[in-house]
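Understanding the architecture of this molecule
Chain by chain, the residues:
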Amino acid sequence: AFTPQWYHTCAPYLKPHVPSGDDMFLLQATLHLNGKVRTLKSKAATVGISGESTLKQFLTQRARWAGKATYYTAPSILCSAAVVALMQVAMVASLLLSAVHPFLLYTLLCKFVVDTTLVAGVLFYQNKPRQLAYMPLLTLLYPFYAIGVCLLSIFPQSWKNRNVSSF
């Protein structure tokens, strides 16, 4: 939540030429201006998004979201993105090299435990604990998905009949 006055204060830091991402750019501007950022953990305030109807639309949406990363300047946002990206590369490397060095499978196990712990909190909050059953498969697939989306984000995406380029 923000006031119209705060939005106008942040306006010089927003990216009106980028056709999506207003929420992230407002967050980044707020951090830059030392504004207060808090989490409201309330089911009444939770906003959901509709899933895309095809795999192509889903991947295009995620690539568009990832492509906006080139416009981020907040160190906390950039650091988080870098850690997530590097972790996915490390997981793929661990999986591929585990044929030669089986002990590397422990990195996947550690990531599985950490991810499952974090995701479980969200799923229980959303009353969807049964979805935890997908975690073993997702632990193996997610690194490939994340790297693929990063690679797709390099190419211009179309959204609402507008071209979205990250570079």
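See the structure above.
Residues numbered from 1 in each chain as written. Predicted model: local features only at pLDDT ≥ 70, side-chain atom pairs only at ≥ 80, totals over all residues. Heavy atoms only, no water.

Some words on helix 5 (residues 105-125)
Taking 1.5 Å of rise per residue, the 21 residues of helix 5 would be expected to cover 30 Å, and the 30 Å separating its terminal C-alpha atoms lies within 8% of that figure. Of the positions making up helix 5, those classed as buried are L108, K111, T116, A120 and L123. Looking at the buried side of helix 5, the elements it contacts are helix 4 (75-97) and helix 6 (135-152). Two residues or fewer past helix 5, N127 is found with a positive phi of approximately 55 degrees. (Helix = DSSP H or I, 4+ residues; strand = E, 2+ residues; numbered from the N terminus. Expected span 1.5 Å × (residues − 1). Buried < 20%, exposed > 50% of the residue type's maximum accessible area, 1.4 Å probe, protein only. Contact = heavy atoms within 4.5 Å.)

Side note on the packing of aromatic side chains
Tallied over the entire structure, the rule returns five aromatic pairs. Each ring, one from F2 and one from Y7, has its centre 6.0 Å from the other, and the planes form 25 degrees; the classification is stacked. Exposure remark for Y7: the relative accessible area of 36% places this residue in the partly exposed category. Ring pairing ties together the aromatic residues F25, Y71 and Y72, which thus form one cluster. The positively charged end of K43 is found above the aromatic ring belonging to Y125, 5.3 Å away from the centroid. (Phe/Tyr/Trp six-rings, centres within 6.5 Å; stacked < 30°, edge-to-face > 60°. Lys NZ or Arg CZ within 6 Å of the ring centre and 35° of its normal.)

Structural notes on the state of the cysteines
Scanning the model with the defined rule gives zero disulfides in all. Looking at the unpaired C79, the closest cysteine sulfur is the one in C150, lying at 15 Å. (Disulfide = S-S within 2.5 Å.)

Considering the nonpolar core
Counting residues in each nonpolar core, the largest one holds nine residues, listed as C10, L14, V18, F25, L26, A29, Y72, A74 and I77. Per-element tally for this core: the top contributor is helix 2 (residues 22-32), with three residues. Residues contacting V18, with those up to four places away along its chain left out, are F25, K68 and Y71. (Core = buried A, V, L, I, M, F, W, Y, C linked by side-chain atoms within 4.5 Å.)

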